[in-house]
Amino acid sequence: MKIAIQGIKGSNHYKALTELFGETDVEALECMTFQKLVQAIISDECEKGVMAIENSIAGSILPNYRLILDHDLQVTAEHYLNISHNLVALTGQKLEDLKEVRSHQMALHQCSHFFGNHSHIHLVEDVDTALPAQQLAEQRLFGVGALVPKGTAELYNLKVIVEDVQNYSANETRFVVIEKLGNSIKEVNKATLKFEIAHESGSLANVLNVMADHGLNLTKIQSIPIPEEVWKYAFIVDVAFTSLEHFQDAFKAISNLSINPTCVGQYKSGKS
Ligand SMILES: O=C(O)C(=O)C[C@]1(C(=O)O)C=C[C@@H](O)C=C1
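Residues numbered from 1 in each chain as written. Predicted model: local features only at pLDDT ≥ 70, side-chain atom pairs only at ≥ 80, totals over all residues.

Per an unreviewed UniProt entry, the recorded name for the chain is prephenate dehydratase, and the organism is Psychroflexus torquis. Quoted verbatim from the Catalytic activity (unreviewed entry) field of the UniProt record, the comment on the chain reads "prephenate + H(+) = 3-phenylpyruvate + CO2 + H2O". (UniProt positions renumbered as here; feature names shortened; annotations may be inferred.)

Pairing within the open sheet is mixed, and its 5 strands lie in the order 8-7-9-6-10. The sheet is open, and its two borders are formed by strand 8 (122–126) and strand 10 (159–162), each paired with just one other strand. Averaged over all neighbouring strand pairs, the angle between strand axes comes to 35°, with direction disregarded. Summarising the sheet, strand 7 (residues 100–104) and strand 8 pair through 5 bridges and their orientation is parallel. (Pairing = 2+ DSSP bridges. Helix = DSSP H or I, 4+ residues; strand = E, 2+ residues; numbered from the N terminus. Axes fitted to C-alpha atoms, helices over the stretch in contact; angles between N-to-C directions.)

Taken together, 14 residues form the shell around the ligand, and within it Ser11, Asn12, Met106, Asp128 and Thr129 come nearest. Elements with a minimum of two residues in the shell around the ligand: helix 1 (12–21), strand 3 (48–55) and helix 4 (105–110). When its residues are assigned to classes, the shell around the ligand shows 4 nonpolar, 9 polar and 1 charged. Of the domains in this structure, domain 1 (2–82 + 171–179) and domain 2 (86–162) are the two that each give at least three residues to the shell around the ligand. (Near = placed C-beta within 6 Å. Nonpolar A, V, L, I, M, F, W, Y, C, P; charged D, E, K, R; others polar. Domains from an automatic or database assignment.)

By size, the foremost hydrophobic cluster in this structure holds 70 residues, and its most contacted members are Ile5 and Met51. Here this core gets 5 residues from one element, more than from any other, and that element is helix 2 (residues 34–42). What Met51 contacts, discounting residues up to four positions off in sequence, is Gln6, Phe34, Leu37, Asn64, Phe175, Val176 and Ile178. (Core = buried A, V, L, I, M, F, W, Y, C linked by C-beta atoms within 7 Å. Buried ≥ 20, exposed ≤ 12 C-beta atoms within 10 Å, placed from the backbone. Contact = placed C-beta atoms within 7 Å.)

On to the sheet that holds strand 14 (residues 233–240). Spatially, 13-14-12-15 is the arrangement adopted by the 4 strands of the open sheet, whose pairing is antiparallel. A strand with exactly one partner marks an edge of an open sheet, and here the two such strands are strand 13 (217–225) and strand 15 (259–267). Strand-to-strand, the axes of this sheet are offset by a mean angle of 15°, without reference to chain direction. Along the sheet, helix 9 (residues 244–257) contacts strand 12 (190–196), strand 14 and strand 15; its crossing angle with strand 12, the most-contacted strand, is approximately 5°.

Attention shifts here to the UniProt feature "domain: ACT" (unreviewed entry) in the chain. Mapped onto the present numbering, the UniProt feature "domain: ACT" (unreviewed entry) falls on residues 192–266. Secondary structure within residues 192–266 divides into 33% helix and 40% strand; the distance between the first and last C-alpha atoms comes to 7 Å.

A few words now on the environment of Lys94. When you line up the elements, Lys94 lands in the loop between strand 6 (86–89) and strand 7. In this structure, the C-alpha to C-alpha distance between Lys94 and Thr76, residues 18 residues apart in sequence, is 44 Å.

Bridging between strand 12 and strand 14 involves 7 bridges; their strand directions are antiparallel. In the sheet register, Ala191 faces strand 14, and the bridge partner there is Val239. Relative to strand 14, strand 13 is paired through 8 bridges, and the arrangement is antiparallel. From the neighbouring strand, Asn217 faces strand 14, where its bridge partner is Ala240.

Further remarks concern the environment of Val177. Among the secondary structure elements, Val177 is positioned in strand 11 (residues 172–179). Residue Val177 is classed as buried on the basis of its 23 C-beta neighbours within 10 Å. Sequence spacing of Val177 and Cys46 is 131 residues, and the spatial spacing of their C-alpha atoms is 12 Å. Among all residues touching Val177, those that are not within four sequence positions of it are Leu20, Lys48, Val50, Val75, Thr76 and Ala77.

Closest axis-to-axis distance for the helix 2/helix 3 (residues 62–70) pair is 10 Å, and the angle between their directions is 20°. Taken together, the axes of helix 2 and helix 3 lie roughly parallel to each other. Crossing of helix 2 against helix 3: the hand is right-handed. Taken together, the residues of helix 3 that come into contact with helix 2 (itself represented by Phe34, Gln35 and Val38) are Pro63, Asn64 and Leu67. Residues belonging to the contact of helix 2 with helix 3 are distributed by class as follows: 4 nonpolar, 2 polar and no charged. (Parallel < 35°, antiparallel > 145°, perpendicular 65-115°, else oblique. Left-handed = near helix turned anticlockwise from the far one by under 90°.)

What follows is the structure, encoded as structure tokens:
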């Protein structure tokens with residue numbers, strides 16, 4: 001089975017893919033942008049894609065929410081991955097030798113404290129964490145570093161200069177599996193909903209009260225601009241539940257209180 005990811009082998013997306021689906025039965029379709037990842041699903045090149053959606057340090061990747069919503073994709077699974085950013089370079093290079101570090105934008109955000117303390121290093125955004133590592137190894141780029149997950153230094157024959165340079169050692173990224181169709185698994189205990197509400201006092205509180213009344217546990221609420229309507233927002237909520245029936249009843253009740261209610265996916269929680 002071919003599954004679309006953003007980035008190449010050795011990236012965090014690749015790790016998330018193998019933790020979700022194993023290493024033997026799947027082949028990664030390596031996409032250089034999140035748009036291309038989504039396009040691979042839309043065009044049926046792949047049935048599924050694995051996409052980062054939020055990080056515990058850097059927050060939500062709002063453009064990825066936009067891509068999911070704009071293409072009516074469904075979230076069918078989620079996976080939380082421990083993220084460790086390790087500063088690597090060619091063997092023999094020291095921290096003082098580095099003039100530039102190339103990495104994924106989200107990875108650089110997660111290491112802002114370290115680079116704040118080493119401000120002589122010029123930060124350059126790249127496709128993912130692994131591609132710059134591969135390139136600096138192949139092109140023998142002295143003075144250039146990359147931030148890679150554990151194990152990727154060995155893959156590209158690079159040396160780890162500083163381990164775990166993320167702002168907080170506990171660092172997780174939540175990945176979602178996205179597809180055209182929703183899944184039909186029985187172990188559903190979490191869902192992602194999107195809705196809009198009238199610009200009236202209490203309208204969001206009313207929706208949240210319905211969730212509480214039906215025993216849903218709100219694990220995330222995210223507002224996202226409605227691009228066609230200036231300064232209006234849609235809300236995306238993740239809810240965990242123990243009874244699918246309670247969730248379905250709650251969704252009906254929420255639908256009566258909101259505008260354009262959509263279930264973006266029902267899946268099994270990635271947290272046990
Ligand atoms: O560059 C990678 O390794 C990725 O998989 C991308 C990505 C992201 O999109 O957030 C994934 C996890 C980390 O949070 C940093 C970067």
